[in-house]
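Observations on the three-dimensional arrangement
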Amino acid sequence: ACAIGDLGFVYHRICEYHKAEFTSHLELCVELNDRMNESLAIGNLGNLYYCLSDHQKAEEFTRRSMAIAEELGQHAWVANCLINLGALYCTLSDIVQAERCYERALVLGRQLKDTSYEARVMCGIGNIRQHTADYVAAKQYHWKDYTLSQSVDDRWGEVRA
């Protein structure tokens with residue numbers, strides 16, 4: 001199941017969405033009663049729909065993924081889903097919802113003592129500020145993202161910032 005999911009992720013990263021096997025991954029996880037990987041597969045489908053600009057399905061799948069993660073007590077995955085929802089709501093110009101998602105993800109990230117989540121939240125809030133033309137604040141949040149990413153040697157985070 002993991003191999004199928006990993007392969008789907010690779011195709012997703014190189015924008016060959018039609019080759020991503022996230023549906024097969026999900027079906028296999030359900031068959032194996034692997035709830036955590038089921039949640040991951042559903043989340044991957046949410047990301048796929050986001051990339052395809054099907055925002056309704058992206059929200060639906062991300063919320064389903066988050067519900068399973070909450071049920072399993074997987075706070076890191078919940079934080080990840082919240083960050084993805086924050087990005088979705090920012091894209092949809094629902095700034096209030098985006099901020100709520102990022103605030104909750106920030107709390108979880110700090111509880112987990114995982115700086116990478118805090119950095120990703122700073123990026124998301126920076127994107128919100130950019131979206132609302134508050135460029136001074138956007139710059140400050142993106143700088144926080146950069147410095148937090150550097151502090152944990154997250155090179156992808158540095159690039160993102």
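Structure report, in brief. (Residues numbered from 1 in each chain as written. Predicted model: local features only at pLDDT ≥ 70, side-chain atom pairs only at ≥ 80, totals over all residues. Heavy atoms only, no water.)

Some points on the packing of helix α3 (residues 35-51) against helix α4 (residues 55-72)
- Closest axis-to-axis distance for the α3/α4 pair is 7 Å, and the angle between their directions is 160°. Taken together, the axis directions place α3 and α4 in an arrangement best described as roughly antiparallel. In the packing of α3 onto α4, the handedness of the crossing is left-handed. Taken together, the residues of α4 that come into contact with α3 (itself represented by R35, M36, E38, S39, L40, I42, G43, L45, G46, Y49 and Y50) are H55, K57, A58, F61, T62, R64, S65, I68, A69, E71 and L72.
- The class makeup of the residues in the contact of α3 with α4 is 11 nonpolar, 6 polar and 5 charged. (Axes fitted to C-alpha atoms, helices over the stretch in contact; angles between N-to-C directions. Helix = DSSP H or I, 4+ residues; strand = E, 2+ residues; numbered from the N terminus. Parallel < 35°, antiparallel > 145°, perpendicular 65-115°, else oblique. Left-handed = near helix turned anticlockwise from the far one by under 90°. Contact = heavy atoms within 4.5 Å. Nonpolar A, V, L, I, M, F, W, Y, C, P; charged D, E, K, R; others polar.)

A closer look at the pattern of salt bridges
- By the definition in use, this model includes 8 salt bridges.
- We note a salt bridge from R160 to D145, for which the minimum N-O separation is 2.6 Å. Of this pair, R160 sits in helix α9 (residues 155-160) while D145 is found in helix α8 (residues 135-151), placing the two residues 15 residues apart along the sequence.
- R160 sits in the partly exposed class, given a relative accessible area of 32%. (Salt bridge = Lys/Arg side-chain N within 4 Å of Asp/Glu carboxyl O. Buried < 20%, exposed > 50% of the residue type's maximum accessible area, 1.4 Å probe, protein only.)

Side note on the side chain of S39
- One can find S39 in helix α3.
- Apart from residues lying up to four places away in sequence, S39 is in contact with S65, I68, A69 and W77.

Some details on the environment of A105
- For A105, the location among the structural elements is in helix α6 (residues 95-111).
- A105 gets classed as buried once you look at its relative accessible area, which sits at 0%.
- Separated by 15 residues in the primary sequence, A105 and R120 have C-alpha atoms spaced 9.3 Å apart.
- The contacts of A105, once residues within four sequence positions are left out, are A79, L82, I83 and V121.

Describing the environment of L106
- Relative to the elements of secondary structure, L106 occurs in helix α6.
- Discounting chain neighbours no more than four positions away, the residues touching L106 are E118, V121 and M122.

Describing the nonpolar core
- By size, the foremost hydrophobic cluster in this structure holds 35 residues, and its most contacted members are L82, Y102 and V121.
- Those elements that place two or more of their residues in this core are α3, α4, α5 (75-91), α6 and α7 (115-131).
- Of all the elements, α5 adds the most residues to this core, at 10 residues.
- If near-sequence neighbours (up to four positions away) are discounted, L82 is found in contact with M66, C101, R104, A105 and L108. (Core = buried A, V, L, I, M, F, W, Y, C linked by side-chain atoms within 4.5 Å.)

Section: unusual backbone geometry
- Even without a glycine there, the phi angle at S53 is positive, about 65°.
- Among the structural elements, S53 can be located in the loop between α3 and α4.
- Relative accessible area serves as the criterion here: at 52%, S53 is assigned to the exposed category.
- One non-glycine residue, A133, adopts positive backbone phi at about 65°.

Observations regarding α3
- With 17 residues, α3 ought to run about 24 Å at 1.5 Å a step, and its terminal C-alpha atoms sit 24 Å apart, in line with that.
- Listed as buried for α3 are N37, E38, S39, A41, I42, G43, N44, L45, G46, L48 and Y49.
- At the C-terminal side of α3, S53 shows a positive phi close to 65°. (Expected span 1.5 Å × (residues − 1).)

A word on the side chain of E118
- Examined against the element boundaries, E118 turns out to sit in helix α7.
- The class of E118 is buried, set by a relative accessible area of 18%.
- Within the structure, E118 has its side chain in polar contact with the side chain of R110 (distance 3.0 Å).
- Each residue touching E118, except ones within four places of it in the same chain, is listed here: L106, R110 and L148. (Polar contact = N/O pair within 3.5 Å; in protein donor to acceptor, adjacent residues only side chain to side chain.)

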